[in-house]
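# Per-entry structural report
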Amino acid sequence: MSKPTRLGLILAFVALVIDQVFKLYMVEVMADYPFGIEVTSFFRLVMVWNSGVSFGMFAGGATTRWILIGVSSLVSLALFVWLLKASRKFLATGLGLVLGGAIGNIVDRIHYGRVADFFDFDLIFMRWPAFNIADMAIVGGVLILMVDSLFFDEKSSKTDS
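A brief look at the structure comes next. Keep in mind the model is a prediction, meaning the values are calculated, not measured.

## Description of the side chain of Thr-5
The residue Thr-5 is located in helix α1 (residues 3-30) in this model. Overall, the relative accessible area of 1% leaves Thr-5 in the buried class. A distance of 2.9 Å separates a polar atom in the side chain of Thr-5 from the backbone oxygen of Leu-83. Not counting residues up to four positions away in its chain, the partners in contact with Thr-5 are Leu-83, Leu-84, Ala-86 and Ala-92.

Shown next, in the form of structure tokens:
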């Protein structure tokens, strides 16, 4: 196994563990705070259950749940295969973060039937939909993948390994 692949798998595991430990803790804590916990004037910890995907789109019942688990699992498998072939640490970092976050949300769908979200930001111009650590890993990983695709190529992989 290459160094980039090993790095990506470690990051996927770390993102998954942090996400799941935090969720287990927060689901318990938030049961005592049904209206959330105000941390600052623009940030609250809340308990939001999302049965859909981003922004609650495609929310539905049991059939939708299993479709989303299936699609997410296929995407995760594709990311894993891509990670196995990664030759750059930067690429592997992005893939690992997205993979770990995706698996974290799959675990939620299997365990709870929906995804647990906790972070609620009320920005001056809009209220951002609640999200979780898995979502942050996915977004961070996608940003890294975008930078990688824009600024790195296979020729640079010799110096990044």
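## Brief notes about the nonpolar core
In terms of nonpolar packing, the biggest core is built from ten residues, these being Ala-12, Leu-79, Leu-83, Ala-86, Leu-91, Ala-92, Leu-95, Val-98, Leu-99 and Leu-145. Top element by residues in this core is helix α3 (residues 89-112). It accounts for five residues. Apart from residues lying up to four places away in sequence, Leu-99 is in contact with Ala-12, Ser-76, Leu-79, Phe-80 and Leu-83. Judged by nonpolar contacts, the second largest core, of nine residues, contains Met-30, Phe-43, Leu-45 and Phe-131.

## Brief notes about the pattern of salt bridges
Scanning the model with the defined rule gives six salt bridges in all. Close ionic contact of Lys-23 with Asp-108 constitutes a salt bridge, the shortest N to O distance being 2.8 Å. Pair noted here: Lys-23 is in helix α1 and Asp-108 is in helix α3, with a separation of 85 residues, a long-range link. Both residues of the pair, Lys-23 and Asp-108, count as buried. Asp-120 serves as the salt-bridge partner of Arg-44, at 3.3 Å between the closest nitrogen and oxygen.

## With respect to the pairing of strand β3 (residues 115-123)
Sheet analysis places strand β2 (residues 43-50) next to β3, joined by six bridges and oriented antiparallel. Residue pairing across strands places Arg-44 opposite Asp-120, the latter belonging to β3. Between β3 and the antiparallel strand that follows it, strand β4 (residues 126-127), lie two residues.

## Here we look at the packing of helix α2 (residues 62-85) against α3
The geometry of α2 relative to α3 is characterised by a closest axis approach of 9 Å and an angle of 155 degrees between their N-to-C directions. One element, α2, and the other, α3, form an angle in the roughly antiparallel class. Here α2 runs over α3; the crossing is left-handed. Taken together, the residues of α3 that come into contact with α2 (itself represented by Arg-65, Leu-68, Ile-69, Ser-72, Ser-73, Ser-76, Leu-79, Phe-80, Trp-82 and Leu-83) are Leu-91, Ala-92, Leu-95, Val-98, Leu-99, Ala-102, Ile-103, Ile-106, Arg-109 and Ile-110. The residue inventory of the contact of α2 with α3, partitioned by class, reads 15 nonpolar, three polar and two charged.

## Some thoughts on the packing of aromatic side chains
Scanning all chains against the criterion turns up nine aromatic pairs. Residues Phe-22 and Phe-118 carry aromatic rings whose centres are separated by 5.8 Å and whose planes lie at 85 degrees to one another, so their mutual orientation is edge-to-face. Linking Phe-22 in helix α1 with Phe-118 in strand β3, this pair joins segments that are 96 residues apart in sequence. A relative accessible area of 23% means that Phe-22 is categorised as partly exposed. Each ring, one from Phe-43 and one from Phe-119, has its centre 6.2 Å from the other, and the planes form 25 degrees; the classification is stacked. Highlighted residues: Phe-43 in strand β2 and Phe-119 in strand β3, separated in sequence by 76 residues. Accessibility expressed as a relative area gives 14% for Phe-43, which makes it buried.

Calculation notes
- Residues numbered from 1 in each chain as written.
- Predicted model: local features only at pLDDT ≥ 70, side-chain atom pairs only at ≥ 80, totals over all residues.
- Heavy atoms only, no water.
- Helix = DSSP H or I, 4+ residues; strand = E, 2+ residues; numbered from the N terminus.
- Buried < 20%, exposed > 50% of the residue type's maximum accessible area, 1.4 Å probe, protein only.
- Polar contact = N/O pair within 3.5 Å; in protein donor to acceptor, adjacent residues only side chain to side chain.
- Contact = heavy atoms within 4.5 Å.
- Core = buried A, V, L, I, M, F, W, Y, C linked by side-chain atoms within 4.5 Å.
- Salt bridge = Lys/Arg side-chain N within 4 Å of Asp/Glu carboxyl O.
- Pairing = 2+ DSSP bridges.
- Axes fitted to C-alpha atoms, helices over the stretch in contact; angles between N-to-C directions.
- Parallel < 35°, antiparallel > 145°, perpendicular 65-115°, else oblique.
- Left-handed = near helix turned anticlockwise from the far one by under 90°.
- Nonpolar A, V, L, I, M, F, W, Y, C, P; charged D, E, K, R; others polar.
- Phe/Tyr/Trp six-rings, centres within 6.5 Å; stacked < 30°, edge-to-face > 60°.

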